[in-house]
Amino acid sequence: MDAAEVLDITLRTLQVGVLAVAAILVPGIAVGWLLARRAFRGRALLQTVLCLPMVLPPVAVGLLLLHLLARGSVLGDAIERAFGGPILLTPWAAVVAAAVMSFPLVVLGAQQGFLAVPRRLEQVAATLGASAWRVFCTVSLPLAARSIAHGALFAFARALGEFGATTLVAGHVPGRTETLSLAIYARIEQFEDRDALLLSAVSFVLALAITGTAELCLQRRAR
Amino acid sequence: MNRFDLSAHYPGFTLAAAARWQEPCVALFGPSGSGKSTIVEAIAGLRPEVRGEVRIGGERLDHLPPRRRRLGWVPQDAALFPHRSVARNIAYAANRAADPGLMRRVTDALELGPLLERRPHQLSGGERQRVALARALVREPRTLLLDEPLAAIDRPLRTRLVPFLRRIQAEFAVPMVIVSHDPLEVIALARWVVVLADGRVVAQGEPRTVLQAPEAFGSLLGLAAENVFEVAAFEPPVHGIAHARTREGLQLALLVVPGQPAPRRVAVRAEDIVVATEVPRGVSAQNVLAGTVARAEATEGQVAVTVAVGTARFVIRVTEGAAGQLGLGPGKAVHLMFKAHAVLGVE
């Protein structure tokens, strides 16, 4: 296993993580705000369903995604028509799997962040003439930002290490869908323990660098 | 014409209060839990569960969302945006302000210039309240709603904020609704008072008339002990200390801020007065008056002592122990001491 291959797998893993978090950040913030600030029927059900990816075995979530995205399913056919090909066994499937598995972490981070914003500040902003959107952008969001950033960070970390769901929907296509976790598993299966250890070390350094840097940034911002 | 007629039911508390007033400054007065803050929040549109009518300046507001009511709500804790500097807090409502010089005038009037770059956590309680007041004023509100504006501030600093509120009244001519459970604040700031108890209006009228009739409210006010004197002559401040001569001939030192109108009355709270049985020497208090005890009455573990100073009568409160130790009986010669900032100039 040469350096170019390690670099290729590492970059692909980062790409999948970044794209997954980018895809779920806005909807995650919106759902988090909804759960924190609005009372509606089915709120408890929504909260439960959103937490399922954290509770269910990732392989079970992958199986569900496989059926949802397969050719012949409503969603699978719609995607195929829109993008001119199936999504399964492509890097995009890895992004979808990582996004689904990480989504609850963004939602929970946002929800906790918005719950911690004193209502009084939002009320004051409203009496000062701000629209609901302006209150959100200038008061709620900035004050919840730290918690949202933490949620996004955990989601990113979760996406980097995602394996169970990814292996079912993205498969293991070297040079195309192979992320670090898939590559480690494949090397172990092929008794290439040295390569597996090397990739594990890369994962370790990557995780340490990302979470450490992000934590430092967040702490500096808090000060 | 301003009026509210509001009702709501909460567990263990029912609000059913109606009042009307024309004066520019009205106080909602009553003990904790009487419904004052609920009413002021309902006027601001922040209590959707409260039903009824709200009219301010003749215009009906109860069907409007908070942002369209154009009311300057200043909550008890000031509720400054912690992630914004003082300047950006004040500017929050300034986008729509028609008067471009308004922000400058407001920050000047409330003496906030040196604080503009600070964050809310770097401010004292009084400074936070002034910033919240400025932020509400920049909105150009049809009325300011001040919910216990002095409650979060330490007692010695409270009287320093009152002149700012009076200056705002004089300079910006903006009507105010002030929530207070402090009779002295009401006398100092309001021209009309609505007295609340258990969610109902029990009296309303001119503050001095209403609040000096304690028999109407039983032990609610305990106002007989407050000391209010008419001002006969007023000497403008030198280094912040002004002097007022009362009709009874008392010469009292008090703190004022420039621009504050000359007071017509001065008031001193009973518990702000210290009593000595010998001539005090080397004390920092600006006001030291010699008098004689006229009466001493024990009530609820305290003794209300009436002291004659010339023709003026002061009421002070001391503990039973202190009264016994000092021998505060009729005829006893005493000296009363209180600081300049314990003397409140009243409109």
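Everything numeric in this text was worked out from a predicted model, so none of it was measured.

Asker: Please provide a residue-by-residue account of the overall build of chain B, values included.
Answerer: A tally of regular secondary structure across chain B gives 9 helices and 20 strands. Taking all 347 residues of chain B together, the buried fraction comes to 46%.

Asker: Tell me about the overall build of chain A, and name the residues and values.
Answerer: If you tally the helices and strands in chain A, you get 10 helices and 0 strands. In chain A, the succession of α and β elements from N to C terminus is α-α-α-α-α-α-α-α-α-α. Reported as C-alpha extents along the three principal axes, the dimensions of chain A are approximately 65 × 45 × 30 Å. Buried positions account for 38% of the 223 residues belonging to chain A. In chain A, 76% of the contacts between residues at least 6 apart in sequence involve partners at least 24 apart.

Asker: Describe the environment of Glu-189 of chain A, listing the residues and the values that go with them.
Answerer: Its location among the elements puts Glu-189 of chain A in helix α9 (residues 180–189). Along the sequence, Glu-189 of chain A and Leu-68 of chain A sit 121 residues apart, while their C-alpha atoms lie 28 Å from each other.

Asker: So what about the interface of chain A and chain B? Which residues, and what values?
Answerer: In this complex, chain A contributes 14 residues to the contact, which on the side of chain B involves 15 residues. Put simply, the parts of the chain that give the side of chain A that touches chain B at least two residues each are α6 (119–127) and α7 (132–161) of chain A. In terms of residue class, the side of chain A that touches chain B is made up of 9 nonpolar, 4 polar and 1 charged.

Asker: Describe unusual backbone geometry, and please don't skip the residues or the numbers.
Answerer: Phi is positive for Phe-191 of chain A, close to 55 degrees, though the residue is something other than glycine. In this fold, Phe-191 of chain A is placed in the loop between α9 and α10 (193–222).

Asker: Before we move on, could you go through the domain arrangement of chain B and cite the residues and values that matter?
Answerer: Segmentation of chain B into domains returns domain 1 (2–220) and domain 2 (227–346). Here domain 1 of chain B and domain 2 of chain B have C-alpha centroids that lie 30 Å from each other.

Asker: Describe α9 of chain A, naming the residues involved and giving the relevant values.
Answerer: Those residues of α9 of chain A not exposed but buried are Leu-180, Ser-181, Leu-182, Ala-183 and Ile-184 of chain A. A positive phi of about 55 degrees marks Phe-191 of chain A, the residue just after α9 of chain A.

Asker: Before we move on, could you go through the environment of Pro-175 of chain B and cite the residues and values that matter?
Answerer: All names here are of chain B. Take Pro-175: it is sitting in the loop between α6 (155–172) and β8 (176–180). Taking C-alpha positions, Pro-175 is 7.1 Å from Arg-142, a pair spaced 33 residues apart along the chain. The residues touching Pro-175, leaving out its near neighbours within four places in the chain, are Pro-24, Cys-25 and Thr-143.

Asker: Explain the packing of α6 of chain A against α7 of chain A to me, and be specific about the residues and the numbers.
Answerer: Residue and element names in this part refer to chain A. In the contact formed by α6 and α7, the axes pass within 10 Å of each other and the chain directions differ by 145 degrees. For α6 against α7, the interelement crossing comes out right-handed. Residues Leu-121, Glu-122, Ala-125 and Ala-126 of α6 pack against Val-135, Thr-138, Val-139 and Ser-140 of α7. A class-by-class count of the residues in the contact of α6 with α7 yields 5 nonpolar, 2 polar and 1 charged.

Asker: Which residues make up the nonpolar core, and what values go with them?
Answerer: Residues and elements named next belong to chain B. Among the nonpolar cores identified, the biggest contains 110 residues, and Ile-43, Leu-145, Val-193, Leu-254 and Val-343 are the most heavily contacted of them. With 7 residues, the single largest contributor to this core is helix α5 (residues 125–138). Mapped onto the domain boundaries, this core takes at least three residues apiece from domain 1 (2–220) and domain 2 (227–346). Those residues in contact with Ile-43 that sit more than four places away from it in its chain are Phe-4, Val-54, Leu-71, Leu-145 and Val-177.

Asker: So what's going on with the pairing of strand β17 (residues 302–309) of chain B? Residues and values would help.
Answerer: Residues and elements named next belong to chain B. Looking at chain direction, strand β16 (residues 287–299) and β17 are connected through 7 bridges and run antiparallel. Following the sheet pairing, Arg-295 is matched in β17 by Thr-306. Taking the residues that link successive antiparallel strands as the turn, the β16-β17 hairpin has 2 residues, and the phi of Glu-300 there is positive, at about 50 degrees. Pairing between β17 and strand β18 (residues 312–319): 8 bridges, direction antiparallel. Bridge pairing in β18 links Val-303 to Val-318. Between β17 and β18, which follow one another and run antiparallel, lie 2 residues, and Gly-310 among them has a positive phi close to 60 degrees.

Asker: Describe the packing of helix α3 (residues 58–69) of chain A against helix α5 (residues 91–115) of chain A, naming the residues involved and giving the relevant values.
Answerer: All names here are of chain A. Across the interface, α3 lies against α5 with an axial gap of 11 Å and an inter-helix angle of 130 degrees. By the angle between their axes, α3 is oblique relative to α5. As α3 runs across α5, the sense of the crossing is right-handed. Facing Pro-58, Val-61, Gly-62, Leu-65 and Leu-69 of α3, the residues of α5 in contact are Ala-93, Val-96, Ala-97, Val-100 and Met-101. Among the residues making up the contact of α3 with α5, the classes are represented as 9 nonpolar, 1 polar and no charged.

Asker: Give me the sheet that holds strand β19 (residues 333–338) of chain B: which residues, what numbers.
Answerer: All names here are of chain B. Pairing within the open sheet is antiparallel, and its 5 strands lie in the order β15-β19-β16-β17-β18. In this open sheet, the two edge strands, each paired with only one partner strand, are β15 (274–276) and β18. Across the sheet, the mean angle from the axis of one strand to that of its neighbour is 45 degrees, orientation sign disregarded.

Asker: Tell me about the pairing of strand β10 (residues 200–205) of chain B, and please be specific about residues and values.
Answerer: Residue and element names in this part refer to chain B. As defined by bridge partners, strand β9 (residues 192–197) adjoins β10 across 5 bridges and the pair is classed as antiparallel. Bridged to Val-195 within β10 is Ala-203. The antiparallel pairing of β9 with β10 creates a hairpin that spans 2 residues between the two strands, and Asp-198 there sits at a positive phi of about 50 degrees.

Asker: Provide a residue-level description of the confidence of the model for chain B, including the pertinent values.
Answerer: Put simply, chain B has an average pLDDT of 85, and 90% of its residues get 70 or more. Note that pLDDT drops below 50 for residues 214–225 of chain B; the model gives that stretch 19 contacts with residues more than four away or on any other chain.

Asker: So, the environment of Arg-88 of chain B: which residues are in play, and what are the values?
Answerer: Relative to the elements of secondary structure, Arg-88 of chain B occurs in helix α3 (residues 86–90). Residues Arg-88 of chain B and Arg-191 of chain B, spaced 103 residues apart in sequence, show a C-alpha to C-alpha distance of 33 Å.

Asker: Outline the confidence of the model for chain A, supporting the account with residue identities and numerical values.
Answerer: Looking at chain A as a whole, its pLDDT mean stands at 91, while 98% of the residues score no less than 70. Ranking the elements of chain A by mean pLDDT puts α10 of chain A last with 85 and α6 of chain A first with 96.

Asker: An account of the sheet that holds β8 of chain B is requested, with residue identities and associated values reported.
Answerer: Residues and elements named next belong to chain B. Taken in spatial order, the 6 strands of this open sheet run β6-β7-β8-β3-β9-β10, and their pairing is mixed. Of all the strands in the sheet, the pair left with one neighbour each is β6 (71–74) and β10. Looking at each pair of strands side by side, their axes are set apart by 15 degrees on average, direction ignored. By the bridge criterion, 5 bridges tie strand β3 (residues 25–29) to β8 in an arrangement that is parallel. Counterpart to Cys-25 in the pairing with β8 is Met-176. Here α5 sits on the sheet in contact with β6 and β7 (143–147), set at roughly 170 degrees to β6.

Analysis parameters
Residues numbered from 1 in each chain as written. Chains lettered and ligands numbered in written order. Predicted model: local features only at pLDDT ≥ 70, side-chain atom pairs only at ≥ 80, totals over all residues. Helix = DSSP H or I, 4+ residues; strand = E, 2+ residues; numbered from the N terminus. Buried ≥ 20, exposed ≤ 12 C-beta atoms within 10 Å, placed from the backbone. Contact = placed C-beta atoms within 7 Å. Nonpolar A, V, L, I, M, F, W, Y, C, P; charged D, E, K, R; others polar. Domains from an automatic or database assignment. Axes fitted to C-alpha atoms, helices over the stretch in contact; angles between N-to-C directions. Left-handed = near helix turned anticlockwise from the far one by under 90°. Core = buried A, V, L, I, M, F, W, Y, C linked by C-beta atoms within 7 Å. Pairing = 2+ DSSP bridges. Parallel < 35°, antiparallel > 145°, perpendicular 65-115°, else oblique. pLDDT = per-residue confidence, 0-100.

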